[in-house]
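# Working through the structure, step by step
Here is how the chains run, residue by residue.
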Amino acid sequence: MAEQRFIIQRYDPDSAESYREEFSLDVQPGQTVLDCLNAIKWEQDGTLSFRMSCRHAICGSCAMKVNGSSMLACQTQVSEAVELGDPVEVAPMGNQTVIKDLVVDTTKFVAQFERAETWLEPHEDQEPPEREYRQTVEDFDHWSHASTCIHCGACYSDCTVAAVDEKFLGPAALAKAYRFVMDSRDSKREERLKFLAETEGGIWDCTRCYMCVQACPKDVLPMDAIMELRALSIEAGYTNNHGSRHHKGFASGVRKRGRLDEASLPIQSVGITRLLTLNIDAHKEMLGYTPGAIRLLKTRKLLEAAKRHGASQDGREHIQRIFEEVEAEKHHHDVDADAFAAEFETALGSG
Amino acid sequence: MKYAFWPGCVARGAAPELYTSTLAVARHLGIDLVELEAAACTGAGIISDGEPYLQDVLNARTMALSEQMQLPLMDICSTCVGVHRLAAEKLRDVDYRIRINHHLAPEGLEYRGSADPRHLLWILLEDIGEDRINSLIKRPLDELNLGPFYGCYLVRPERTLEFDAHPTRRNSLERLISMLGATTVTYDGMTKCCGFPILTTNKQNSLTMAGTHLDEAQRMGADALVTPCPLCHLNLDAQQPDAAKVIDRRLELPILHVPQLLGLAMGLPPEELGLTRHVVDTRNLLNRLGV
Ligand code: SF4
Ligand code: SF4
Ligand code: FES
């Protein structure tokens with residue numbers, strides 16, 4: 001048994017006072033942060049408030065910040081927490097309003113699932129099955145990683161975009177949306193992809209910061225799901241947005257010279273067609289880049305970028321070849337799928 | 001010591017001071033850098049937005065080039081090293097490697113799966129070592145309070161970066177800062193996102209992120225930030241005046257690249273380190289060091 005110090009971030013809604021309070025207690029090997037919070041509440045201060053239920057990383061109610069990162073208190077051993085900082089600092093989740101001590105208002109987090117309509121929309125022309133809607137193991141395997149979410153909010157709490165933008169759907173709701181995009185029983189795949197690619201606070205607003213992947217106690221890999229949604233939405237043709245133009249412009253620069261083309265990328269991201277057709281928004285966006293561009297010019301950085309350092313000639317040829325091969329492979333794949341669909345139609349007709 | 005050196009596109013573009021300061025510091029450390037002239041951009045997670053497979057092929061090729069040279073791979077950009085390592089992780093799968101190697105064969109290349117891409121910052125701590133660095137310090141940075149700014153890919157995901165096997169990676173910047181005699185200023189934003197990846201898609205969000213971290217570091221008493229990521233440098237330095245407007249605060253915080261900081265401590269002249277080429281003026285900082 002060893003004495004361990006905890007510093008707990010507290011908030012009293014009656015006096016609207018927030019403060020940090022230190023507690024010490026004897027900790028047994030194997031005890032979790034949640035065990036300690038319970039011990040403090042039972043033996044030292046009955047007013048300490050936090051959420052908990054299952055104590056087995058199932059219900060998702062005990063997410064909080066331990067030494068600055070969001071995690072489940074019931075899944076975090078004190079010995080692990082100490083490695084990240086001693087005394088152990090416990091604080092409520094981020095990006096949400098605190099109600100009392102470690103309890104936050106999850107309304108905003110929950111509302112994002114509703115906005116993304118994360119429930120099954122079965123095919124309407126199908127008779128509902130007698131029992132549940134079923135799918136094959138293979139179909140399930142496509143999205144099984146995203147099925148384990150317990151809605152604890154740890155990812156949302158650490159998300160760097162949610163921190164600055166209330167409209168961002170956030171990692172958990174986006175991972176859940178991905179789950180339904182991938183679900184063979186769902187009828188709204190296209191509508192979902194369109195919405196996720198075009199709505200404010202959708203898939204293109206994620207910064208790829210990996211916070212959610214790091215925070216998630218269930219290995220949902222929300223960011224990976226968001227990246228897959230990006231690729232799927234491009235494939236489905238929802239490309240009239242800044243994010244996919246940026247992707248396309250970036251890739252075409254690398255294809256030409258083997259390296260990023262900083263000088264022309266902003267123009268490509270805003271959209272050459274949009275600029276040429278005198279789209280007002282496009283020109284405003286372009287102006288948005290200009291102050292930065294003038295500063296870069298002053299420090300001669302833009303000149304350096306405009307020199308367009310590329311890969312060696314030999315390298316360029318192979319890089320271009322790789323772009324072509326990968327594209328051809330994709331095309332080949334499409335042709336196969338088309339041929340298969342045609343065969344299938346014929347077979348159905350004759351059967 | 002000899003490395004296959006991938007400078008990354010930004011060091012050879014809008015952040016040329018990172019490239020020149022790396023070469024200068026390497027020379028003084030006695031490190032041989034063989035630049036991967038034929039290699040492609042890592043894709044920076046942007047090519048993989050639409051074409052993850054293509055991005056993996058390009059990075060397999062870069063790693064195969066380093067294998068062919070029989071040299072360890074050195075990056076000088078958090079994003080590059082993160083993307084390289086993620087590709088290396090996926091390419092441990094033999095079947096995937098075989099599929100991808102089809103695209104490398106016409107060039108006589110094959111990726112055998114042995115690459116261990118590392119950032120210059122890690123190489124300083126892991127290969128060069130504190131003793132050697134100490135022996136080269138001519139101008140200790142005792143006067144300075146420095147805030148680390150890592151860049152997402154040098155701190156997450158921890159599994160890919162192998163923090164458990166290499167615990168010094170967890171706080172590599174703090175280690176370097178104190179090795180050079182300066183004091184570390186810690187603040188919440190130091191491991192967060194600078195916002196650069198969404199600068200073109202959502203400028204408001206992007207600059208709010210950059211501004212918030214800069215403001216916090218400044219309030220905590222940092223004289224400058226030091227970053228191993230040139231993309232972070234772009235958002236924190238070149239965009240700093242705009243970020244200040246977005247969050248409505250006064251910001252004046254110079255941002256240094258890792259080799260610039262080391263170079264300063266080694267007594268190299270600021271011009272050689274490209275310190276005169278920043279958007280946020282570094283003069284006050286240099287004055288404090290008596291340079
Ligand atoms: S990767 Fe995207 S969704 Fe995940 S925490 Fe970062 S910004 Fe949020
Ligand atoms: S994705 Fe992971 S961290 Fe986010 S709510 Fe679900 S279980 Fe929690
Ligand atoms: S108490 Fe249920 S997840 Fe922690």
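Below: a short report on this structure.

Right, let's get into helix α9 (residues 172-179) of chain B. All names here are of chain B. α9 sits mainly inside the fold: six of its eight residues count as buried. Turning to α9, its buried residues number three or more, namely Ser172, Leu173, Glu174, Leu176, Ile177 and Met179. Note on α9: the residue one or two positions beyond its end, Gly181, has a positive phi of about 95°.

Residues and elements named next belong to chain A. Not every one of the 14 residues close to ligand 1 is listed here, only the nearest: Cys159, Cys206, Thr207, Cys209 and Cys212. Those elements that place two or more of their residues in the shell around ligand 1 are α8 (211-215) and α9 (222-235). In terms of residue class, the shell around ligand 1 is built from 11 nonpolar, two polar and one charged.

Taken residue by residue, the interface counts 54 residues in chain A and 62 residues in chain B. Across the chain A to chain B interface the summed buried area is about 5300 Å²; carbon plus sulfur atoms make up 60%. Viewed at the interface, chain B and chain A are joined by four salt bridges. Every element with two or more residues in the side of chain A that touches chain B is listed here: α8, α9, α10 (242-257), α13 (280-298), α14 (301-306) and α15 (313-350) of chain A. The leading source of residues in the side of chain A that touches chain B is α15 of chain A, at 10 residues. Partitioning the side of chain A that touches chain B into residue classes produces 24 nonpolar, 16 polar and 14 charged.

Turning next to the sheet that holds strand β4 (residues 69-72) of chain A. Residues and elements named next belong to chain A. Strand order in the open sheet formed by five strands is β2-β1-β5-β3-β4, with mixed pairing between adjacent strands. The sheet is open, and its two borders are formed by β2 (17-27) and β4, each paired with just one other strand. Pairs of neighbouring strands in the sheet enclose a mean axial angle of 30°, with direction left out of account. In the sheet, strand β1 (residues 2-12) pairs with strand β5 (residues 88-91) via three bridges, with the strands oriented parallel.

The next subject is the pairing of strand β2 (residues 32-35) of chain B. All names here are of chain B. Here strand β1 (residues 2-6) pairs with β2 via four bridges, running parallel. Residue Lys2 lies in a different strand from β2, and its bridge partner there is Asp32. Remark: the β1/helix α1 (residues 16-29)/β2 crossover connection has right-handed handedness.

When helix α12 (residues 240-247) of chain B is considered as a whole, its buried residues turn out to be Gln240, Asp242, Ala243, Ala244 and Ile247 of chain B. Asp248 of chain B sits one or two residues past α12 of chain B and shows a positive phi near 60°.

As a structural note, the neighbourhood of ligand 2 is formed by Cys149, Ile150, His151, Cys152, Gly153, Ala154, Cys155, Ala172, Cys216, Pro217, Val220 and Pro222 of chain A. Class assignment of the residues belonging to the shell around ligand 2 gives a composition of 10 nonpolar, two polar and no charged.

Here the focus is unusual backbone geometry. Put simply, Asp86 of chain A and Pro87 of chain A share a cis peptide bond, and its omega is 0°. Mapped onto the secondary structure, Pro87 of chain A falls in the loop between α2 (78-84) and β5. Geometrically, the link from Arg156 of chain B to Pro157 of chain B is a cis peptide bond, its omega value of -15° lying close to zero. Within the secondary structure, Pro157 of chain B is located in the loop between β5 (145-148) and α8 (158-161). Positive phi outside glycine occurs at Ala16 of chain A, with the angle close to 55°. Among the secondary structure elements, Ala16 of chain A is positioned in the loop between β1 and β2. When its relative accessible area of 52% is taken as the criterion, Ala16 of chain A is described as exposed. Backbone geometry places Leu221 of chain A, a non-glycine residue, at a positive phi of 55°. Summarising the element assignment, Leu221 of chain A is placed in the loop between α8 and α9.

Parameters and conventions
Residues numbered from 1 in each chain as written. Chains lettered and ligands numbered in written order. Predicted model: local features only at pLDDT ≥ 70, side-chain atom pairs only at ≥ 80, totals over all residues. Heavy atoms only, no water. Buried < 20%, exposed > 50% of the residue type's maximum accessible area, 1.4 Å probe, protein only. Helix = DSSP H or I, 4+ residues; strand = E, 2+ residues; numbered from the N terminus. Near = heavy atom within 4 Å. Nonpolar A, V, L, I, M, F, W, Y, C, P; charged D, E, K, R; others polar. Contact = heavy atoms within 4.5 Å. Buried area = accessible area lost by both parts, 1.4 Å probe. Salt bridge = Lys/Arg side-chain N within 4 Å of Asp/Glu carboxyl O. Pairing = 2+ DSSP bridges. Axes fitted to C-alpha atoms, helices over the stretch in contact; angles between N-to-C directions. Right-handed = clockwise from strand over helix to strand, strands pointing away.

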